[in-house]
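So you can see what is in the structure, the chains are spelled out below.
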Amino acid sequence: MGPDGKRTHHCGLLRAEHAGAKVTLNGWLETIRDHGGVVFGSLRDRSGIVQIVFKEPPREPLRPEYVIAVAGEVRLRPEGMRNPDLPTGAVEVAVRELAVLNPSRPPPFEVASFAQEEPNEEVRLRHRFLDLRRPRMQRNIAVRHRISQLVRRYLDEQGFLEIETPFLTRSTPEGARDFLVPCRLNPGTFYALPQSPQLFKQLLMVAGFEKYFQIVRCFRDEDLRADRQPDFTQIDIEMSFIDETDVRRLIDGMLHLLFKSILAIELPLPIPAITYDEAMARYGCDRPDLRFGAPLTDLCALLADSEVPFLREGAARGAAIGLAVPEKGAFTRARIEELATAAATDGGAGFVWLRRAAGALSGPGAKAFKGAREGALVEALGLADGDLAFILAGGNSPALRAACGALRTRLGRELGLAPAGKFAPTWVVDFPLFQRDEERGGFTAVHHPFTAPREEDLELLERDPARVKARAYDIVVNGVEIGGGSIRMHRREVQEAAFKAIDIGPEEARARFGFLLEGLSYGAPPHGGIALGLDRLAALLTGETSIREVIAFPKTQRGSCLLTEAPAPVSDAQLMELGIALKPPPGPAAPVSGS
RNA sequence: GGGGCCGUAGCUCAAUUGGUUAGAGUACCGGACUGUCGAUCCGGAUGUUGAGGGUUCGAGUCCCUUCGGCCUCGCCA
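Thresholds, definitions, all that
- Residues numbered from 1 in each chain as written.
- Chains lettered and ligands numbered in written order.
- Predicted model: local features only at pLDDT ≥ 70, side-chain atom pairs only at ≥ 80, totals over all residues.
- Heavy atoms only, no water.
- Buried < 20%, exposed > 50% of the residue type's maximum accessible area, 1.4 Å probe, protein only.
- Helix = DSSP H or I, 4+ residues; strand = E, 2+ residues; numbered from the N terminus.
- Pairing = 2+ DSSP bridges.
- Phe/Tyr/Trp six-rings, centres within 6.5 Å; stacked < 30°, edge-to-face > 60°.
- Contact = heavy atoms within 4.5 Å.
- Axes fitted to C-alpha atoms, helices over the stretch in contact; angles between N-to-C directions.
- Domains from an automatic or database assignment.
- Salt bridge = Lys/Arg side-chain N within 4 Å of Asp/Glu carboxyl O.
- Near = heavy atom within 4 Å.
- Polar contact = N/O pair within 3.5 Å; in protein donor to acceptor, adjacent residues only side chain to side chain.
- Nonpolar A, V, L, I, M, F, W, Y, C, P; charged D, E, K, R; others polar.
- Expected span 1.5 Å × (residues − 1).
- Arc of directions from axis to C-beta.

Participant: Quick rundown of the pairing of strand E3 (residues 48-54)? Include the residues and the values.
Facilitator: E3 sits mainly inside the fold: 7 of its 7 residues count as buried. Two elements, strand E2 (residues 39-45) and E3, share 7 bridges in a ladder whose sense is antiparallel. Residue pairing for E3: Leu43 is matched across the bridge by Val50. Hairpin connection of E2 to E3: 2 residues between the antiparallel strands.

This is the structure we're talking about:
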């Protein structure tokens, strides 16, 4: 070993062909197995694990997670002592020299590759540097890297330019809550961290770059979820002189490349599309999980003359839905009632349920389907033997659909209806442009206020905004929204008309988005784009259910980082410099001290 | 802001209906051992039961408050 102990080889790459080689390895000691006369260790670096052997006891104490350098000779292991579970299992390194580069305190949890007990997430996040040392996390982070690199190369080959946009920018109080950053140079003013580079990428199109992309951090101050962090990463794309199909084919190709490179799965192209209306009708959800069937079935016609009052009345109001799943007796009666009750409550409806077994219907709902109606129900729902069916009726149609959609998702999860390893990507298209704002009245943009309406709906913009369809598209895989985008309005008049439809007057539009309107009036080309959630994509491709598993340093549900303990108070001096005074915390007045 | 689950040794968990000194595996410390590979064997030490309050003869267990983690509804153009 040289004086610096630098490695000549990587642990996980040693093979029989290296036998006889003099090597120096650096890494972390995974385990130490001391037999008195002979001592074995497993040495780990990023590439993997190899066994090291000390024929004489090491002079320094060795413990798990010590960082060491060893020099010695690669040897074939004696016959019968190979380890078939290890890629390096045919060899071992006989150590002649050892240097402890750095000892380690006993780790709070086992880092070793064989460790089965998963420490709880709080402990993992508090010691994230150790958690990330575990093989699973090493792999996840490496896959994420692969995705980024593949995407960069793909888009570069397609002629895209990677262009950065500012993080310190202007608050545009549409959409999510902004994170604000006080500006010292102009007391009382604030930057906002971008919710997305939306306006900048459109202006880059005005600027004539034609094809832009960026793998970029976005910031939204909203509540967290398993698939939502306050700062998250988008693959952001914008193109000029294109239509919806161009964007979709571009992303089809990107996903095909990613699935092939990372999972060795050949996605059939083109990725199919379903309209928003169809998704809502069949799955009660705008991001349906198409890995399994169990579509919602409209039973209004079948139930129009039902003897059961609530079924008949629901059908008359256009709110009667049936749903069948291959349950095969997996649920208890109580569980079925629980699931149905929850859905019925959410949908403002009543319910019955029944089973089909040995060709006959049974269960509390069976008596509502006697005689001819039985066959009609079996056919309508495609009821097979072992199926469980829910029939919900009442309330209003959209609410009932949503409730049934949630029920379907839940049944899919609890019954394991989605085959493992299956991926069902789909585009969702023809979204409405606007939705009613229940709180404030009027309309808000479904996607964002820069999304173009369909050409044929332009005249509806003023007359009947609810019926305007958007040139927007979401890409959904296995019930997860991976990304979404739209063709934008590139003509100023259309953009202003759209603002008007969502009650943004000319002054307000100028104040908030003046620079965009300006840009649009100087020869903006037709353009559109999309943004994909890199975190969600990485979770999907690693098989993780939370994006925290593919983010090196994620935040908890309360938005704090358990490692750095951010967010944290700042000093009075810092606040003073920024011209910021904190209000006293709310709550009961502090008791008078003393006496 | 609402609903749900959870918090016991460094870690993963147990602890009967509220009842003796809160246990186990693992990690840790000491010892033995020349072919293990999650080594084995012998021995040892390890607790603010998240925190605070209450009920009770007695609380890990019941009640209230609070802190923290997770899931979820709202929210997330």
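Participant: Go over unusual backbone geometry, please, and point to the residues and values.
Facilitator: Residues Leu269 and Pro270 are joined by a peptide bond in cis, for which omega reads -5°. By the element assignment, Pro270 lies in the loop between helix H5 (244-263) and strand E11 (273-275). The step from Ala566 to Pro567 runs through a cis peptide bond, and the omega angle for that step is 0°. Note that Pro567 resides in the loop between helix H15 (534-542) and helix H16 (572-578). Despite not being glycine, Asn478 has its phi angle at roughly 55°, a positive value.

Participant: An account of the packing of aromatic side chains is needed here, citing residue identities and associated values.
Facilitator: Across all of its chains, the model carries 8 aromatic pairs by this definition. A centroid spacing of 5.0 Å and a plane angle of 75° characterise the contact between Phe259 and Phe423, whose relative ring orientation is edge-to-face. Within this pair, whereas Phe259 is found in helix H5, its partner Phe423 is found in the loop between helix H11 (397-414) and strand E17 (425-429), the two being separated by 164 residues in sequence. A residue is classified by how much of its surface remains accessible, and Phe423, at 21% relative accessible area, is partly exposed. Members of the aromatic cluster, connected to one another through ring pairs, are Phe450, Phe499 and Phe513.

Participant: How would you explain the sheet that holds strand E12 (residues 297-298) if you had to name every residue and give the values?
Facilitator: The strands that make up a sheet pair up through hydrogen bonds in the backbone, lying either parallel or antiparallel. The 5 strands lie next to each other as E12-E13-E16-E14-E15, forming an open sheet whose pairing is antiparallel. With one partner strand each, in any of the chains shown, E12 and strand E15 (360-362) form the two edges of the open sheet. In terms of strand pairing, strand E13 (residues 320-326) meets strand E16 (residues 387-393) through 7 bridges, oriented antiparallel. Residue pairing for E16: Val325 is matched across the bridge by Leu388. Here helix H8 (residues 309-316) sits on the sheet and contacts E13, strand E14 (350-357) and E16; the angle it forms with E16, its principal contact strand, is near 65°. Packing against the sheet, helix H9 (residues 333-347) makes contact with E14 and E16, and its axis sits at approximately 140° to E14.

Participant: Go over the domain arrangement of chain A with me, naming the residues and quoting the values.
Facilitator: How big an interface is tends to be stated in terms of the accessible area lost upon association of its parts. When the domains of chain A are assigned, the result is domain 1 (11-102), domain 2 (119-268 + 525-565) and domain 3 (292-414). Just the C-alpha atoms count here: the centres of domain 1 and domain 3 sit 62 Å apart.

Participant: Quick one: what's the story with the side chain of Thr297, residue by residue and with numbers?
Facilitator: Mapping Thr297 onto the fold places it in strand E12. Other than its neighbours up to four places away in sequence, Thr297 contacts Ala320, Ile321, Gly322, Ala380 and Leu381.

Participant: Which residues make up the pattern of salt bridges, and what values go with them?
Facilitator: In total, this model carries 47 salt bridges according to the counting rule given. With a closest N to O distance of 2.8 Å, Glu244 and Arg471 form a salt bridge. With Glu244 in helix H5 and Arg471 in the loop between helix H12 (460-463) and strand E20 (472-477), this residue pair connects regions lying 227 residues apart in the sequence. Here Glu493 ties to Arg491 by a salt bridge, and the two come within 3.9 Å at their closest N and O atoms. For Glu493, a relative accessible area of 52% translates into the label exposed. Among the charged side chains, a network of salt bridges with common partners joins Glu118, Arg124, Arg128, Asp131, Arg134, Arg136, Glu544 and Glu549.

Participant: I'd love a proper account of the environment of Leu361, names of residues and values included.
Facilitator: Tracing the chain through its elements places Leu361 in strand E15. The class for Leu361 is buried, based on a relative accessible area of 14%. Residues Leu361 and Gly479, 118 residues apart in the sequence, show an inter-C-alpha distance of 31 Å. For Leu361, the residues in contact, after removing those within four places along its chain, are Leu354, Arg355, Arg356, Ala366, Phe369, Glu374, Leu377, Val378 and Leu383.

Participant: Could you give an account of the sheet that holds strand E4 (residues 67-76), with specific residues and numbers?
Facilitator: The sheet built from 5 strands closes into a barrel, its strands ordered E1-E2-E3-E5-E4 with mixed pairing. Sheet twist, expressed as the mean angle between neighbouring strand axes with direction ignored, is 55°. Bridge analysis of E3 against strand E5 (residues 91-102) gives 2 bridges, and the strand direction is parallel. Looking at the pairing, Val53 lines up with Ala94 of E5.

Participant: Tell me about the protein's contact with RNA strand B, and name the residues and values.
Facilitator: Residues in close proximity to RNA strand B total 50 residues, the closest being Lys55, Met81, Ala445, His447 and Arg558. The protein-proximal atoms of RNA strand B, defined as those within 4 Å of the protein, are 51% sugar or phosphate. A distance of 3.4 Å is found between a sugar or linking oxygen of RNA strand B and a side-chain nitrogen or oxygen belonging to Glu117. For RNA strand B, a sugar or linking oxygen lies 3.4 Å from a polar atom in the backbone of Val446. Those elements that provide at least two residues to the surface near RNA strand B are strand E1 (22-34) and helix H1 (121-126). With 3 residues, E1 is the largest single contributor of residues to the surface near RNA strand B. For the surface near RNA strand B, the class distribution of residues is 15 nonpolar, 16 polar and 19 charged.

Participant: Any details on the pairing of E17? Residues and values, ideally.
Facilitator: Burial analysis of E17 places 5 of its 5 residues in the buried class, which makes it a mostly covered element. Pairing of E11 with E17 involves 3 bridges; the strand directions are parallel. Directly across from Ala273, in E17, lies its bridge partner Trp427. Pairing between E17 and E20: 5 bridges, direction antiparallel. Residue pairing across strands places Val428 opposite Asp474, the latter belonging to E20.

Participant: Summarise H9; cite the residues concerned and give the values.
Facilitator: For H9, spanning 15 residues, the distance from its first C-alpha to its last is 21 Å, which sits close to the expected 21 Å at 1.5 Å a residue. Ile336, Leu339, Ala340, Ala343, Ala344 and Gly347 are the residues of H9 that are buried. One side of H9 carries all its buried residues, which in axial view fall inside an arc of 125°. Opposite the buried face of H9, at more than 90 degrees from it, the exposed residues are Ala334, Thr345 and Asp346. The first or second residue beyond H9 is Gly348, which carries a positive phi of 65°.

Participant: How would you explain the environment of Leu537 if you had to name every residue and give the values?
Facilitator: Looking at the element boundaries, Leu537 is found in helix H15. Along the primary structure Leu537 and Ile547 are separated by 10 residues, whereas in three dimensions their C-alpha atoms are 8.8 Å apart. Once residues within four sequence positions are removed from consideration, Leu537 is found in contact with Ile147, Ile235, Leu255, Leu258 and Ile482.

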